[in-house]
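Architecture at a glance
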Amino acid sequence: MVIKGVTRGICHRRLSHSHEMEVQADAVRDWSELPLDVLALVFTKLGAVEVLMGAGLVCQSWLEAAKVPSLWRYIDMEHHEVLRGKKKKTKDVLCAMAKAAVDRSNGGLEVFAGTEFVTDELLKYIAERSASLKSLSLDYCNVSNEAFTELIIKLPLLEELLISLCPFVDGDAYEVTSRACAQLKRLMLRQGSYGGQREGPLGIETMHELRYLTLVGSDITTEELVAIIDGCPHLERLCVRNCCNIVVDGALRVKCSKIKTLILPTLQHMRRFHFHPDDGIFTDKFDDWRSA
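Predicted, not measured: the structure shown is a model, and the values here were computed from it. Each chain has its residues counted from 1, following the order in which its sequence is written. pLDDT decides what is reported in this predicted model: residues at 70 or higher carry local features, side-chain atom pairs at 80 or more are listed and counted, and totals for whole chains, interfaces and linings draw on all residues regardless. Values reported for side chains reflect all heavy atoms of the structure, with hydrogen atoms and water molecules removed beforehand.

**Digging into the environment of Lys-99**
- Position of Lys-99 among the secondary structure elements: in helix H5 (residues 91-105).
- With 30 residues separating them along the chain, Lys-99 and Arg-129 place their C-alpha atoms 9.9 Å apart.
- Residue contacts are counted whenever heavy atoms from the two residues lie within 4.5 Å of one another. What Lys-99 contacts, discounting residues up to four positions off in sequence, is Glu-121, Leu-122 and Tyr-125. Helix and strand assignments follow DSSP, with helices taken as H or I runs no shorter than four residues and strands as E runs no shorter than two, numbered in order from the N terminus.

As structure tokens, then:
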């Protein structure tokens, strides 16, 4: 005679034992055996710093996956904890990491974002190996104007450029950019209270394909801004902040009437640089900016 309660108990124990075996099997799964393309896809969710300092050091198969060129099309070394506070790495270490990332891209690098650690030597390294670069962001970088222009003339595909508080990038740098980067569509330029007198116009007025332009802390004049608006007929977004030589009047607003998103200075007599809450756009990633 079979007792139903006992039978159910035995079945329950067998099912529980089977489930336990499955859990144990999952617990000892060898993740190093995953296909390289799958591992590389997982690594795309990490940043360049995480892969170079962590995931790529776990085992040989993970190292191989961390070298897949497609993983290194986007290198953002601008907003990471290793760049700040007690964990801040030396410039030499960070430059070496950036060079390793550029090498792994195998010429396919499309986006590079760097900050204080970026040197003239690193810009030259990128220029010689990354002709396909489309987006460049330099934040608080003490690179020379010469190194910057030497890089720019080798980037014919550049579409997006962000220069924030780089005191030595000035002079003819933007005129060179307008000639070398015919496809440039987005320019964000943030200057501070540094620098001497500029000779001649910025050169932005010849960037005819511009769609998005942001100027913060620039010494640009009203006449130069009008020339930019005339020379860049495709402008969809114009943001001008803390530019004390801009006089916003009815004529300027009429000139800007076809621009979809317009942000102009509100204080006409400002004579020194101040931070404005809208300057926070400079912390945005280029991919977020693209989707705007």
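**Some words on the side chain of Ser-144**
- Note on placement: Ser-144 falls in the loop between strand E3 (135-139) and helix H7 (145-152).
- Within the structure, Ser-144 has its side chain in polar contact with the backbone nitrogen of Ala-147 (distance 3.1 Å).
- Discounting residues that sit within four places of it in the chain, Ser-144 has contacts with Asp-120 and Phe-168. Polar contact criterion, stated in full: a pair of N or O atoms within 3.5 Å, where within protein one must be able to donate a hydrogen and the other to accept it, and residues adjacent in sequence count only if both atoms are side-chain atoms.

**Concerning the confidence of the model for the chain**
- The predictor attaches a confidence to each residue, and that confidence, scored 0 to 100, is pLDDT. Chain-level pLDDT for the chain is 77 on average; 62% of the residues reach the 70-or-more range.
- Counting contacts from residues 1-12, a segment whose pLDDT is below 50, to residues more than four positions away or on other chains yields 1 contact.
- Predicted confidence for residues 268-292 stays below pLDDT 50, and this span has 57 contacts to residues more than four positions away or in other chains.

**Focus on the pairing of strand E4 (residues 160-164)**
- Three labels apply to residues, based on accessible area from a 1.4 Å probe with only protein chains included: buried if under 20% of the type maximum, exposed if over 50%, partly exposed otherwise in between. With 5 of 5 residues buried, E4 lies mostly within the body of the structure.
- Because side chains alternate across E4, one face comprises the buried residues Glu-160, Leu-162 and Ser-164, and the other comprises Leu-161 and Ile-163, equally buried.
- At least two bridges found by DSSP between two strands is the condition for calling them paired. When E3 meets E4, the two strands line up parallel, connected through 5 bridges. Paired with Asp-139 across the strands is Ser-164, a residue of E4.
- The definition of a right-handed crossover adopted here requires that, viewed with the strands pointing away, the path from the first strand over the helix to the second runs clockwise. Regarding the hand of the β-α-β motif, the stretch spanning E3, H7 and E4 is right-handed.
- As judged from the 5 bridges shared by E4 and strand E5 (residues 186-190), these two strands associate in the parallel manner. Note on E5: the bridge partner recorded for Leu-161 is Leu-187.
- Once the chain exits E4 it traverses helix H8 (residues 173-180) before rejoining the sheet at E5, and the crossover so formed is right-handed.

**Description of the pattern of salt bridges**
- The salt bridge definition used is simple: a Lys or Arg side-chain nitrogen within 4 Å of an Asp or Glu carboxyl oxygen. Scanning the entire structure with this criterion turns up 7 salt bridges.
- Of the charged contacts, one joins Asp-103 and Arg-129 as a salt bridge, the two residues approaching to 3.8 Å between their closest N and O atoms. Of the two residues, Asp-103 is situated in helix H5 and Arg-129 in helix H6 (residues 120-129); the sequence distance between them amounts to 26 residues.
- Residue Asp-103 is classed as partly exposed on the basis of its relative accessible area, which comes to 40%.
- The exposure class of Arg-129 is partly exposed, given its relative accessible area of 32%.
- Salt bridges sharing partners connect three or more residues here, namely Asp-103, Glu-128 and Arg-129.

**Thoughts on the packing of aromatic side chains**
- Whether two aromatic rings pair depends on their centres lying within 6.5 Å, for rings of Phe, Tyr and Trp, where Trp uses its six-membered ring; planes under 30 degrees apart make the pair stacked, over 60 edge-to-face, and the rest tilted. Summed over the entire model, instances satisfying the criterion amount to 0 aromatic pairs.
- In our convention, an over-ring charge means Lys NZ or Arg CZ found within 6 Å of a ring centre and within 35 degrees of that ring's normal. Against the face of Tyr-125 rests Arg-129, its NZ or CZ located 3.5 Å from the ring centre.
- Geometry around Tyr-212 places Arg-186 over its ring, the cationic atom sitting 3.9 Å from the centre.

**Re the pairing of E5**
- Counting buried residues along E5, 5 of its 5 residues qualify, which places the element largely inside the surrounding structure.
- Neither face of E5 is left uncovered, since the one carrying Arg-186, Met-188 and Arg-190 and the one carrying Leu-187 and Leu-189 both have all their residues buried.
- With 5 bridges connecting them, E5 and strand E6 (residues 212-216) associate as parallel partners. Its bridge partner lying in E6, Arg-186 is registered against Tyr-212.

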